[in-house]
Amino acid sequence: MEAVLTKRKKISITALLYVVLAIMIIIFSCLSSDFYSSYNISSMLTNIAFIGIIACIMTMIMITGGIDMSIGANIALTSCLVAALADSKSPPPLLVILALGILVGAVIGGINGLLITRLNLNPIITTLGTMSIATGLAYVLSAGRSILMFEEVTGFIGRDLLLGIPMPVYWLAVMVFLSGVLLHKSKFGRKIYLIGNNINAARLAGINVNRVRFILYLLCGISAAFSAIILIGQTGVGMPQHGIGNELDIISAVLLGGTAFTGGRGRILGTLAGVLILGVLYNGFTMIGFRYVHIRIFQGILLILIVAFYEIRENRQA
């Protein structure tokens with residue numbers, strides 16, 4: 001009975017987020033006639049797609065009580081490596097270059113997973129360390145400059161349209177579907193929730209906690225690398241500035257979507273709502289004349305309010 005009530009609360013929160021999203025769209029549409037133009041909506045969805053892709057995996061990591069702060073640096077390093085290889089005098093085949101980019105992301109995620117699970121290191125400190133290393137490598141590899149890369153394949157992945165819809169939106173839809181099935185409809189997903197609710201009980205139940213957590217960090221690294229390829233396709237460059245601050249956007253979206261920072265609670269549709277809400281907020285504020293620095297200030301305030309709201313809610317339910 002308690003499980004049923006908990007599920008209803010999650011559903012109601014998710015539904016409430018989509019109601020808030022609808023209200024925001026109506027408000028910004030009234031404030032700016034350009035907001036609801038097809039061009040602006042297409043651009044907005046394209047810009048938030050790569051954030052949503054990573055946020056789906058980050059949701060599962062945070063449900064287990066973990067976090068990954070290295071995703072922005074992972075994006076930067078992958079974009080610089082892919083662009084540098086493509087710009088070299090004797091570049092390998094493009095598919096090989098893209099595979100190496102994904103491999104770099106997997107290596108960063110795998111290192112995070114190994115350090116956290118095998119050495120029992122703190123996830124925040126560990127991923128901040130790998131973030132610093134990856135950021136440094138990105139600047140060394142690119143010499144601090146932007147590397148041009150205009151390829152049909154990356155262009156198709158990052159900016160082309162299919163049936164009038166940007167390709168990144170399709171990638172996001174695929175990720176939402178696959179991660180939703182993985183988290184909510186599989187044994188692996190049940191293991192994730194059990195670990196987040198009580199890691200010791202999960203071990204006593206025979207769950208290989210370290211393997212589950214390692215897989216999640218590995219997937220997070222891969223998703224960040226794929227997002228870097230999307231960004232290259234959108235911008236036509238690889239550069240060490242790619243991904244800067246995106247870890248804050250992703251974590252904000254996941255928390256806004258109802259995932260508990262302490263673990264044990266979260267839903268993919270909630271995270272998607274969080275991503276869309278932040279995307280509409282940033283785009284809407286820009287359309288009505290807010291500057292980027294003002295939006296960043298608001299984002300910090302919003303993140304604090306989100307955490308405070310869910311903490312108060314948890315304490316009242318306890």
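Let me sum up the structure you'll find in this document. (Residues numbered from 1 in each chain as written. Predicted model: local features only at pLDDT ≥ 70, side-chain atom pairs only at ≥ 80, totals over all residues. Heavy atoms only, no water.)

**Some details on the overall build of the protein**
- Helix and strand content of the protein: 13 helices and four strands.
- Viewed in the frame of its principal axes, the protein has a C-alpha envelope of about 65 × 55 × 35 Å.
- In the protein, 78% of the contacts between residues at least 6 apart in sequence involve partners at least 24 apart.
- Of the roughly 15,200 Å² of accessible surface on the protein, a fraction of 69% belongs to carbon and sulfur atoms.
- Each charge class in the protein was averaged separately, 21 positive and 11 negative side chains, and the resulting centres sit 14 Å apart. (Helix = DSSP H or I, 4+ residues; strand = E, 2+ residues; numbered from the N terminus. Contact = heavy atoms within 4.5 Å. Areas by Shrake-Rupley, 256 points an atom, 1.4 Å probe, with all protein chains shown as cover. Lys, Arg positive; Asp, Glu negative; His and termini not counted. Charge placed at Lys NZ, Arg CZ, Asp CG, Glu CD.)

**Some thoughts on helix α3 (residues 71–86)**
- Here α3 is 16 residues long and its end C-alpha atoms lie 22 Å apart, about the 22 Å a rise of 1.5 Å per residue gives.
- Summarising burial for α3: 14 of the 16 residues are buried, a large majority. (Expected span 1.5 Å × (residues − 1). Buried < 20%, exposed > 50% of the residue type's maximum accessible area, 1.4 Å probe, protein only.)

**Thoughts on the state of the cysteines**
- By the definition in use, this model includes zero disulfides.
- Cysteine C56 shares no disulfide, and the gap to the nearest cysteine sulfur, in C220, comes to 11 Å.
- With relative accessibility at 0%, the residue C220 sits in the buried group. (Disulfide = S-S within 2.5 Å.)

**Focus: the nonpolar core**
- Residues M58, I192, I250 and L281 are the most contacted members of the largest nonpolar core, which totals 78 residues.
- A total of 15 residues in this core trace back to one element, the largest contributor, which is helix α2 (residues 38–63).
- Beyond its immediate chain neighbours, meaning those up to four positions away, L281 contacts M24, F28, F298 and L302.
- One finds A73, A76, C80 and A138 within the second-largest nonpolar core, a separate group that totals nine residues. (Core = buried A, V, L, I, M, F, W, Y, C linked by side-chain atoms within 4.5 Å.)

**A few points about the side chain of S142**
- Relative to the helices and strands, S142 resides in helix α5 (residues 123–142).
- Looking at S142, its side chain comes within polar contact range of the main-chain oxygen of A138, at 2.8 Å.
- Once residues lying within four places of it in the same chain are set aside, the contact partners of S142 are C80, I147 and P240. (Polar contact = N/O pair within 3.5 Å; in protein donor to acceptor, adjacent residues only side chain to side chain.)

**With respect to helix α11 (residues 246–256)**
- Of all eleven residues that make up α11, ten are buried, and the element is covered over most of its length.
- Within α11 the residues assigned to the buried category are N246, E247, D249, I250, I251, S252, A253, V254, L255 and L256.

**Observations regarding the packing of aromatic side chains**
- By the definition in use, this model includes three aromatic pairs.
- A ring pair is formed by F28 and F285, whose centres lie 5.7 Å apart and whose planes are at 85°; its orientation type is edge-to-face. Here F285 lies in helix α12 (residues 268–287) and F28 lies in helix α1 (residues 2–31), a separation of 257 residues in the sequence. You'll find F28 and F285 in the same group, each marked buried.
- Between W171 and F226, the ring centres sit 5.7 Å apart and the planes meet at 90°, which makes this aromatic pair edge-to-face. Here F226 lies in helix α10 (residues 209–235) and W171 lies in helix α7 (residues 167–184), a separation of 55 residues in the sequence.
- Given the relative accessible area of 25%, W171 is considered partly exposed.
- When its relative accessible area of 23% is taken as the criterion, F226 is described as partly exposed. (Phe/Tyr/Trp six-rings, centres within 6.5 Å; stacked < 30°, edge-to-face > 60°.)

**Topic: the packing of α3 against helix α4 (residues 94–118)**
- α4 packs onto α3 with a crossing angle of 155° between their chain directions and a minimal axis gap of 9 Å. Compared by their axis directions, α3 and α4 come out roughly antiparallel. Crossing of α3 against α4: the hand is right-handed. On α4, the residues that touch N74, L77, T78, L81, V82, L85 and A86 of α3 are I97, L98, L100, G101, V104, G105 and I108.
- Within the contact of α3 with α4, the residues separate by chemical class into ten nonpolar, four polar and no charged. (Axes fitted to C-alpha atoms, helices over the stretch in contact; angles between N-to-C directions. Parallel < 35°, antiparallel > 145°, perpendicular 65-115°, else oblique. Left-handed = near helix turned anticlockwise from the far one by under 90°. Nonpolar A, V, L, I, M, F, W, Y, C, P; charged D, E, K, R; others polar.)

**Here we look at unusual backbone geometry**
- We note that N120 has phi near 55°; this positive angle belongs to a residue other than glycine.
- By secondary structure assignment, the location of N120 is in the loop between α4 and α5.
- Among the residues examined, N120 registers a relative accessible area of 65% and is labelled exposed.
- Positive phi outside glycine occurs at A143, with the angle close to 55°.
- By relative accessible area, A143 is classed as exposed at 62%.

**Describing the environment of F214**
- Tracing the chain through its elements places F214 in helix α10.
- The contact partners of F214, leaving out residues within four places of it in the chain, are G110, G113, L114 and T117.

On their own, these measurements won't tell you what the molecule is for.
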